Structures are given as C-alpha cells and as structure tokens.
Amino acid sequence: MSITDIQLEENLAHHDDHHDDHHEQSFISKYIFSTDHKMIAKQFLITGIMWAVIGGGLSIIFRLQLGFPGADLSWLKPILGEWIDAEGSIDPEFYLALVTMHGTIMVFFVLTAGLSGTFSNFLIPLQIGARDMASGFMNMLSYWMFFLSSAIMFISLFLETGPAAGGWTVYPPLSILSDAIQGSGGGMTLWLVSMVFFIASTLLGGINYIATVINMRTKGMSFSRLPLTVWAFFITAVIGLLSFPVLVAAALLLVFDRSFGTSFYLSEIFIGGEALPNIGGSPILYQHLFWFLGHPEVYIVILPALGITSEIIATNSRKPIFGYRAMIGSMLAIAFLSFIVWAHHMFVSGLNPFLGSIFMFLTLIIAVPSAVKAFNYITTLWRGNIVFTPAMLFSIGLVSFFISGGLTGIFLGNSALDINLHDTYFVVAHFHLVMGSASFFGLMAGVYHWFPKMFGRMMDKTMGYIHFWLTFVGVYLVFFPLHYIGIAGFPRRYYAFTNFDAFSTFGDLNTFVSIAAIVTFAAQFLFLFNFFNSIFRGRKAPENPWNSNTLEWTTPRNPGHGNWPGPIPTVYRWAYDYSKPGSDSDFIPQHIPLSQTPESNFPHEEELAKSEVISEDNGAHESH
Amino acid sequence: MFELIIVVAVVLIIAIVYTIFRVTTLIGIAKGDSTSKVPSNNKTQAMLMVLFLVLGIFGFFYYSFGGLEDSFIQPIASKHGVKTDFWFWITMAVTSFVFIFTQILLFGFSYKYQYDENRKASFYPHNNKLEIIWTAIPAVVLAILVISGWKIWQDITGPAPEDAYEIEVFGYQYGWSFRYPGRDGKLGDYDYKKIDDTNQLGIDLKDRASHDDFVSNQLYLPKGKPVLLKIRARDVIHSVYMPHFRAQMNAVPGLPTKFWFEPTKSTDDMRTETGNPEFKYELVCNKICGRSHFGMKAIIIVEEEEDFKTWFKDQDAFLKLNPEYLSQVPDDLKEVAIISSELENNEINQSVGNTNSSF
Ligand code: HEM
Ligand SMILES: [Cu+2]
Ligand SMILES: [Cu+2]
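Residues numbered from 1 in each chain as written. Chains lettered and ligands numbered in written order. Predicted model: local features only at pLDDT ≥ 70, side-chain atom pairs only at ≥ 80, totals over all residues. Heavy atoms only, no water.

> Give a detailed account of the environment of A:Ile271, specifying residues and quantitative values.
Along the chain, A:Ile271 falls in strand 1 (residues 270–271). A sequence separation of 46 residues divides A:Ile271 from A:Arg225, and the C-alpha atoms of the two residues are 60 Å apart. Each residue touching A:Ile271, except ones within four places of it in the same chain, is listed here: A:Leu177, A:Asp179, A:Ala180, A:Leu276, B:Gln173 and B:Asp235. (Helix = DSSP H or I, 4+ residues; strand = E, 2+ residues; numbered from the N terminus. Contact = heavy atoms within 4.5 Å.)

> Got a sec to walk through the interface of chain B and chain A? Specific residues and values, please.
Between chain B and chain A, the contact holds 110 residues from the first and 130 residues from the second. Across the chain B/chain A interface, buried area totals approximately 10700 Å², and carbon plus sulfur atoms make up 68% of it. On the surface where chain B and chain A come into contact, there are three salt bridges. A salt bridge links A:Asp423 to B:Lys287; the shortest N-O distance between them is 2.7 Å. (Buried area = accessible area lost by both parts, 1.4 Å probe. Salt bridge = Lys/Arg side-chain N within 4 Å of Asp/Glu carboxyl O.)

> How would you summarise the site of ligand 1 if you had to cite specific residues and measurements?
Residue and element names in this part refer to chain A. By nearness alone, 22 residues border ligand 1, and Trp168, Asp418, His422, His430 and Arg492 come closest of all. Between ligand 1 and Trp168 there is a distance of 2.9 Å, counted from an oxygen atom to a side-chain nitrogen or oxygen. Within the side chain of His422, an N or O atom sits 2.7 Å from an oxygen atom of ligand 1. No other element matches helix 14 (residues 425–455), which puts five residues into the shell around ligand 1. (Near = heavy atom within 4 Å. Polar contact = N/O pair within 3.5 Å; in protein donor to acceptor, adjacent residues only side chain to side chain.)

> Describe the packing of aromatic side chains, with residues and values.
Inspection of the entire model under this criterion finds 109 aromatic pairs over all chains. Aromatic pair A:Phe490 and A:Phe497: ring centres 5.4 Å apart, planes at 80 degrees, arrangement edge-to-face. Given a relative accessible area of 3%, A:Phe497 falls into the buried group. The positively charged end of B:Arg232 is found above the aromatic ring belonging to B:Tyr190, 3.6 Å away from the centroid. (Phe/Tyr/Trp six-rings, centres within 6.5 Å; stacked < 30°, edge-to-face > 60°. Buried < 20%, exposed > 50% of the residue type's maximum accessible area, 1.4 Å probe, protein only. Lys NZ or Arg CZ within 6 Å of the ring centre and 35° of its normal.)

> Lay out the domain arrangement of chain B in plain terms, naming residues and giving numbers.
For chain B, the domain assignment lists domain 1 (38–74 + 96–114) and domain 2 (165–351). When each unit is reduced to the centre of its C-alpha atoms, the spacing between domain 1 of chain B and domain 2 of chain B is 50 Å. (Domains from an automatic or database assignment.)

> Residues and numbers for the confidence of the model for chain A, please.
All names here are of chain A. In the predicted model, chain A carries a mean pLDDT of 91, and the fraction of residues at 70 or more is 94%. A low-confidence stretch, residues 1–21 (pLDDT under 50), is modelled with 24 contacts involving residues beyond four sequence positions or located in other chains. Ignoring residues within four places in sequence, the model shows residues 617–624, a span with pLDDT below 50, making 13 contacts including any to other chains. (pLDDT = per-residue confidence, 0-100.)

So, in structure tokens, the structure goes:
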C-alpha cells in the first residue's frame, strides 16, 4: 500500500465518524512506514531506548578505566578489539572517543529525540484532541531522518580510526585536524553528516508539533486550557526551530574548514611538523555558534521532562498543579532567556571580559524562573493526597535532581567562580544532575505513566519501584561525589589522574563512583525486562488507570488510527480539576461540561456553564 | 575464571529478578491490586522517601564536614583566590541551605500527604502572594551574588599592574613552555611560521626585544609580585589551569589570551603549610586536546622575589644557546643581538646544547 493510499484511508476515517474498524494494514505500513503519530512515537521510544543502552554502556567502559586504573580489561577485547592494547588497557584516544560518543548519544539521541520524539508525538494529538499530527507524512519523514542519522552515527563507532573524539561539543581546531587526533578523520565526518540528518529530523518534527498545537486543538481547547505537557512540548519545539539551524551553520563552516581549505576557525597553527597556511579564523567563533544552540539545547532536553512531571505530579497528588500560569510564564521566560546566556560556557575562552560580565548577569536571571518551577512542584505536593505510582516516584526524583543540579548552576554562572570550576568535574556533576538525570527521570516517568495508553497493558509496579529506588539512590551516589573532586580542580575528559599530585588522592572515590555506576546501569535491565515483557504479557490496562483528567484517557484501550472511534470530545475546562470542592469524585476530566457539575462550579464557572453549548455527540466515547 | 563468574552472576541475577517478578505478579493478583485505586505499598514508598531524606542529609554532612574536606580543598596561593574562595563558600552556604530546605519539603510533603482514603486533597491552584515572594527572594539573593562576583571578575580581568612580570605561556600537544623577556623586560615578537625543532616557540628574531628572551620548561614565579601570563597555543586549544592559584585561561591558536594574578605562597611555604616536603604546584591542561591531554602538565616553582631574580639572571638567552639562529637576525641588528644575548662569551656553552632538549 502506498503512502498516499494510507493518507486517503486516514482522511476517510476522519470524515466518517462511525467508521470504527479500519482495514487491516500491512505490516510495513503499520509498523515501519507508519504515519500514525502513536506508532511513530513508539518508534522514537524504542530507538531511544536502544541508544540509551549503548550510550550508558559506553560510560560504563570509561568508568571502568577511571575507577580501576591499570586493571586488565582484555576481556573487553571481543567488543573493543584493537582499542585494548596488549596490557589490557584502553587506548587513551579511544577513551576520548568514548566520552565524546557518550555525550553526543545521550544529549541528542536519547534526551532530545528519545524524549521529545516520543512524547511530543504521542501526547500532542491525544491531549489536544486531534486525530493525528498536522502532517503525518512529515512526521514519518522525521523519524526516518532520525533513523538514518542513528545508523550513520552507529557506523562511525566501528571505523578503524574510531568515532569523533573531540568531546560532544567538537571544538575546532581539534575536530578539524586529524593530525591532532585520529577521531577527527572519518569519525568526525560521519558525526557531521549524522548531525545534519538529526537536525533535519528535529526540524521536521518541530514544525509539525507547532502547527498541530496551533491549528488542531479540539473545540474548547484554548491555550489557557492546554495541559502543561503540551505547553512544554510546544515551547520546546519553538526553541529547537530557532536554535538548531545555527548548529547547521556552525557545522557547515566546520565542513568547509575540514574539506575545502577555508579558515573560518583556523589560524596560525603548527602541527605535524608544518605550519598550516590558514590565517585569520577564530576557534572562538565556533564556540559562539555552538553554544547558541548548545544552551537552548539543554532546555530542549529538560522542558519536556518538566512538562511530563507537571502532569504526573498533579494527577498523583490529586491536586491541581500549583501556579498553572506561573508555570507557563516561567517556561516562556526560560525559553527567551535561554537564547541570551550562551557565552557562560566561554568565560575563560579568551572572551572579552566585558561580555563575560553581561552574560553573568543574564545567566543568573535564568535561575529565577527555574526556582519558581521547583517551588511550584513542591507546593503542588503540599496538602495533596499522594499516590506513589512508579511514574510519580520518578517525577519526585526529577524535582530533587533539578534542585540539586540547578543550585550548582549558581556557582558556574558567576564568572569569577567559574574560573576555577570551568571544565572540572564540578561541571560534570552539575549537568548530569540537572540535565542528564532529571531528563532521564522525566523520560522514565513518562514511560511508566503512558505505557497503558501506548501498549494497552500495564507495567509491573513492583519492578517499577525497585527500578526507581536503585536508580534514584544510584544516580546520587554516582554524581554527588563528583562535586567534591570538581572543587579540588579535577579536570574532565582525563583518561587517568595519576599524573598529578594534586589529584592522585581520589582513587577510592573514583572506584566508589564506578561501582555505583555499574550497579545503576545494571538496574536499568530491570526496566528493560519490565518494558518488553509488559508489552506482550502485561495486565490489560483500563482506559483511565490513573484517574486522570486529560483527553488521552478518553480514548479506547488501544486507540486506532484517528484516536477516537467516535467524534472528538469537546473540552469544557482546564486539565487540573482534581479534588474540586463539592465534587464527589476527586477528578473531573476535561471533556465533562461545567453544566454537568453544578455542585462543584465556582461562580465564574456557573456563568460559563449557562452559555455552554454541548455538542450532541459529547460522551460518545463513553459508550465504547 | 573471572569471565565465568561474571556470566554466572548475570544468569543468577536474571533468574532472581524473574522469580521476584512472577511472585509479585501473583501476589498482586491475589490482593486485587488491579482493581484498587492506590498501590498496596503506597505507605512503604512514603517511608522510603523519609528514609532516603534522612540518610541523604546525613551522608551529605558526613562527607562535607567529617574531616574529608581537607583532601578536596586545595590550599589557596593567590591574592584573588582568597576573594573568589570567600564568595564560593558564601554561595555554598546559601545553596546548601536552599538544597536541604527544599529537599526536606519535597520528601517531607511526600510522606506527610501520602494517600489517605478519608482525606481529600485541597484544591489550591494558585496564590499570587506566595509566587511573588518566591520570585523576589531568589532574585534578590542572586543579585547580591552576581554583583559581588562581578566586582571580583572586574578586578581579575582588569589590566595588570604596571610592575607585573610578563611571561609567555605556550601550550602544545602535549606540554608547556614558558618564555621570559630577558633583561629588557619585553617579550619579543613571534611568528608561528618560524617554529622548528629548536625554535619551538617560533621566536621572531627580527624583533630586537626577542634577542635576550629565554625559554624554560618550568614556570618560575616570584612570590608577592603580580605576574602577567601571555598565553598562546601551537596546535589546538589547551587551557592553562592552576588550581592552587584559582587561575584558568584557555590557550587558543591564533588568538593570544592573557591572565594576571599574584602568587602569595612560595613552593617552600606550601611545603610547610601542607606538611608535604614533596609538594609541587602543577599547571594542568584543562581543555580536551588529544591523546595525552591527561598528561599535559608543567611544574610551577614559586620563589621569594630575590631568588626569582637570581634565577632569572642566570638563564641563557635562546640566541645564546642557539647561535646558528643569528642568521635570522637582520644584518643591522646583529651586533646589538650579540651583545644583548651575551653571545660573545659563549663558546663553551654551545657544546652543552640547549635546555629545551626535553621537547
Ligand atoms: C539554574 C540555572 C542554571 C545556571 C545558572 C547554569 C549555569 C551553567 C554554566 C555557567 C555552565 C558552564 C560551566 C562551565 O563550563 O564552566 C553550565 C554548564 C552546563 N549546564 Fe547549566 N546552568 C543552569 C541550569 C541548567 C539546566 C536546567 C541544564 C539542563 C537541563 C543545564 C545544563 C548544562 C550543561 C549540559 C552544561 C555543560 C555543557 C558542557 O560543557 O559540556 N544547566 N551551566
Ligand atoms: Cu548553558
Ligand atoms: Cu592540552
């Protein structure tokens, strides 16, 4: 069946409200070249999970090196081959390749594509009441671009000269000169090609998310009634759309410098026994361009996770989210400010100190909306009636990490203090807590929470609990100690620390961290088992297992193409009518008209209820 | 053998996990978990939250104040370092307070407001006053921190004092060299195209100021005097990082950078202070630069100013050690060059070779 056929059929389904059972689709159009947002979301999720296993695995290999320097790692030879030398040590250059690939994979492939790709796709149409994305075809293209990008990055791991090895930020000249490091040869070329496809994928997805949110909200779903998840995905997509193209520009200039002899980033370099002819370029230019994307990128990673958390914390506290408008306001503020703080990554790069001052002020302003969000989450818990589902636990964990990691940002944003902290393990601790772990917990929370709607079955709770506690404690044990060695000045991206008297006392600490990392990584297999096992053998899920208000829970257990078999429900209220005074039930879903709940309406809602026009088919889904 | 143990362990763990899984599923079904609104072990989770909070805070204090702190706080050896450390610890006090306070609220509320059938959550969607308060307080606290940071930043990055010693720091894969201005107190020009096996720094001998410049592979600094480091790189970006001096600046090819500071403790002072007779200041490369990034270091030697001056006088100019480079000096400057580099009484030294043979 060709793609146009599928779309045709879909359109038919849209128009024919009573068209319940779809034609059997072929395997290919259903599972591979699917244009259904739900299937695409699952494709992103599963690809993301695969990347997470690879990215996490890489980190375990380099943690072995750091925690057990000099240990015989010959047993890794079957996987790593020549990268393990005769004495069983990892090649120092390969160590750098490992950290580079770990960073790239985690930031882009897991926490950008895996998180936004999964939940923006899955939740936007379901929560705003749309049958699918604005363009199912573009959406499919977005996934396949990501797949292509993934394939290229994956292949680069197996090059003889190794994958890119200049750090995930790939600063030139290191990333240009293959004389300086082998990974800057073929590995770096594939990195660049892969990232171009990745960015194309992100843009295709982002345009779609934005168009869908603006144009396809169901009747009554005004912006001020949108669940915070959708707000977060929407703002994330806008940030991505504005910042990713700049990375393309930076990468393009890098390609020119690498392959066509230009001097955008190169100047006065002597390497490999000869002076290069390039004059007049600036490596700092690249850093500006990179971080113009790079800083917004960290919010692209965290905002969807915060959106997911807002939803889950409200649902499971059985309480409205505290400060709905403040949450939106702070997200908008963060989005805006995230574009004007980038140079805080460059305080000691040789940047003009005056610029450093400006960026210090702007950076510390961005901490304010972040603080507001944290306080709002905590207040949402206050006087709630909290149900600890695994998703809820992961959301609470996220808030804990977001606070711990965000606070260290206050040190780093202060340029005078950053002089001594830049590029040390203090920074590593900061961003692994605030970005890495917090977003990862958002991803996990989302999976546990929406699994029933994705696969029509429940995940096992007990395993979820064990998974949570092992991971939560594990993450703190891994990343918290890194602050201490960071304060001592231990530099990041070091293969070993035995060369320096100042750092050689941290052997035990490093061993401890490595063991914690291995245990935490191992705990993820519990999740993997639970996830895949539950897809096939989990208990069948009820339609609305968490008694939640948002529209996705009004769909049948396994929503088909078009999401609602009947008409799309109309929305009459915001998403957070939990434990409303006067109401018997502790939740009132968005599609319940105010006129049906006179006992719990506030005076202004009473007014609204009078003017409410209730569409005839409302509640049609309930008959299913 | 090791491999075998790992394989067996993995198999065992999988088996145990699977058994747990089966058992809990059965128990869950027996308890009717699937129908109840709240997980049967909601209470356990709430207890674990509190347990985590208590153990976590205990661990935090133990680790931070239990006597281990000496190993991760490097003694300060520069003037500005005292100020930055002061504000570092102020920031630490403020953030630690917020950290503990918010985590107590987070886990405390989780415990206190765990599900109870007989209670209803309070519908509390917003409170403008509260929100204004917790926007304003962080804003004020941050403003104080920023302004103090900004003042220090301006002092640190402002122009170096007139009497600062100028020293060139040159980073390359994988080491550092240092060039001193010689008697004239001025560093001569350089040109990266002049770099070769001997003239590793690309000293440009067309410039008179360069004739008496000398090169060292250890960084000698005078105690109690400002020093201005002029920083360059040969191949890729490196970073001049000196943890004890709380000093860092990238070394960027094609873009000279600088950093000035005042060392306050000589290496001997530090030996006394730390009780470690082997103590050495280290200069660390702190920007990923390739294979041996982790080994790219130089020793820093801080001496009393008198000793530093003596050392300084005893060094031989690059030109003196490498007289063949006289050919690069323009003809009209040759005579001056011979005098300023003290080349005339040099015959004996020549055979010794140059001090940079460690390149
Ligand atoms: C409270 C507000 C925050 C402030 C003031 C802040 C400040 C900073 C600063 C100044 C740096 C550069 C440190 C250095 O390299 O010396 C940094 C690094 C970083 N931050 Fe934050 N940050 C904040 C929150 C966040 C959030 C929310 C995220 C992500 C979700 C994040 C992710 C990162 C990452 C990934 C890096 C390291 C990038 C790298 O060098 O590889 N930060 N932060
Ligand atoms: Cu940033
Ligand atoms: Cu270096």
